[in-house]
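# Topology and contacts: notes
Residues per chain are reported as follows:
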Amino acid sequence: MYDQEASDKYIHITNELLKSNEVDAVEVLRDTLRYHEYLYYVQHKPQISDYEFDILYKLLEAFEKQHPESVTSDSPTQRVGSGLSSDFPKRNHLVPMLSLSNSYDAQDLKDWDKRNREKCGGAAIEYCIEPKFDGASISLLYENNLLAAATTRGDGEVGDEITTNAKQIRSIPLSAQFTRYGIEQVEIRGEVMMSKKSFAAYNELLEEEGVATMANPRNAAAGSLRMKDSAAVAKRNLEAFLYNLSFVEEPAESVASKAIPTTHYGMLQML
């Protein structure tokens, strides 16, 4: 149960801090909103009500409107797009996005394992097993902790830049502390998907509007990435699962870079 009295008191205190024009206060508010976005969209464990989140968001929105010089590129308010996009520009991946091979029986896996062991000279091998999500591949570029670009798979070498649409996916952070690991630039691979719950809810909305429903969650997710109206993308409640560091640029002689994981499982934990 949410404590409405405590909630109102917290929101009142927050509002008073913002009125004081304290830079630290507004940054604390941004961090608070980022934290609750993470709990809601990534952990699926919200700690405050939608009403409380909306009030805090509107407080930040109002402050930034009065003080436009205070707006940062990774502020929670900067996810919102500015309407229709023009044609998506092409963008080269720093590392090609390759395809995965399929396996249809146990012998395929045994043969694959044998080849791996032969290439490793008989060394011990550990495998990391994870679900295969049926969605659309995406590549994210972060520079100095900020989301700089998001790109579709395309032909594996070149994709469409869809940064504005990617910002509508709230499980994709606008900033992340990669410099803690000594990383200045990083390209990340992931999968954008629509959960069955979100798919059903969106189709219900379409039915109410008298519009043709979507065929399946995968097509709904893939088609969303190249929609020209970012506001429409936000309505689809897409999710992203990030699983691989495809490229890492480290500063010279970085001590922190020693913390960069060297295994796939380590990358999953870091992400």
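Refer to the preceding data block for the structure.
Keep in mind the model is a prediction, meaning the values are calculated, not measured. The written sequence of each chain sets the order in which its residues are numbered from 1. With the structure being a predicted model, the display of local features is reserved for residues of pLDDT at least 70 and the display and counting of side-chain atom pairs for 80 or more, all residues being used for whole-chain, interface and lining totals. The side-chain quantities take in all heavy atoms of the structure and omit both hydrogens and water.

### Topic: the nonpolar core
Take the buried residues of types Ala, Val, Leu, Ile, Met, Phe, Trp, Tyr and Cys, join any two whose side-chain atoms come within 4.5 Å, and each joined set is a nonpolar core. Burial classes follow relative accessibility: with a 1.4 Å probe on protein chains only, a residue under 20% of its type's maximum area counts as buried, one over 50% as exposed, and anything between as partly exposed. Counting residues in each nonpolar core, the largest one holds 33 residues, and the members touching the most others are Ile-138, Leu-140, Tyr-142, Ile-172, Phe-178 and Ile-188. Each helix is a run of H or I in the DSSP string that is no shorter than four residues. Each strand is a run of E no shorter than two, and both are numbered from the N terminus. If you list the elements that add at least two residues to this core, you get strand E2 (136-143), strand E3 (146-152), strand E5 (185-193), helix H7 (217-224), helix H8 (230-234), strand E6 (239-249) and helix H9 (264-270). At 4 residues, the largest contribution of residues to this core is made by E2. Those residues in contact with Leu-140 that lie beyond four places of it in its chain are Leu-147, Ala-149, Ala-150, Ile-172, Val-186, Glu-187, Ile-188 and Leu-242. With 10 residues, the next largest nonpolar core counts Val-26, Leu-33, Leu-59 and Leu-60 among its residues. Contacts were defined at the residue level, with two residues in contact if any of their heavy atoms lie within 4.5 Å.

### Some words on the packing of aromatic side chains
Any two rings among Phe, Tyr and Trp, with Trp reduced to its six-membered ring, count as a pair given centres within 6.5 Å; such a pair is stacked if its planes are under 30 degrees apart, edge-to-face if over 60, and tilted if neither. Per the stated rule, a full pass over the model turns up 5 aromatic pairs. Ring geometry for Tyr-142 and Phe-178: centres 5.4 Å apart, planes at 55 degrees, overall tilted. Taken together, the residues span a long stretch of sequence, with Tyr-142 in strand E2 and Phe-178 in the loop between helix H5 (163-166) and E5 at a distance of 36 residues. For Tyr-142, a relative accessible area of 1% corresponds to the buried category.

### So, the pairing of E3
Taking burial as the measure, the 7 residues of E3 include 5 buried ones, the bulk of the element. Pairing between strands is defined by DSSP: at least two bridges between the two strands are required. Here 6 bridges tie E2 to E3, and the two strands are oriented antiparallel to one another. The residue of E3 that forms the bridge with Ile-138 is Thr-152.

### Points about the side chain of Asn-116
With respect to the element layout, Asn-116 can be found in helix H4 (residues 106-119). The buried category is assigned to Asn-116, whose relative accessible area is 18%. Every residue in contact with Asn-116, bar those within four places of it in the chain, is listed here: Ile-125 and Tyr-127.

### Considerations on the environment of Ala-220
Take Ala-220: it is sitting in helix H7. With 16 residues separating them in the primary sequence, Ala-220 and Arg-236 have C-alpha atoms 8.4 Å apart. For Ala-220, the residues in contact, after removing those within four places along its chain, are Met-194, Phe-199, Met-214 and Arg-236.

### Re the pairing of E5
A large share of E5 lies buried, amounting to 9 of its 9 residues. The alternating pattern of E5 places Gln-185, Glu-187, Arg-189, Glu-191 and Met-193 on one face and Val-186, Ile-188, Gly-190 and Val-192 on the opposite face, and all of these are buried. Bridge analysis of E2 against E5 gives 8 bridges, and the strand direction is antiparallel. Among the inter-strand pairings, Ser-139 is bridged to a residue of E5, identified as Arg-189. Examined bridge by bridge, E5 and E6 share 9 bridges and lie antiparallel to one another. Within the sheet, the bridge partner assigned to Val-186 lies in E6 and is Val-248.

None of the figures reported here should be taken as evidence of function without further support.
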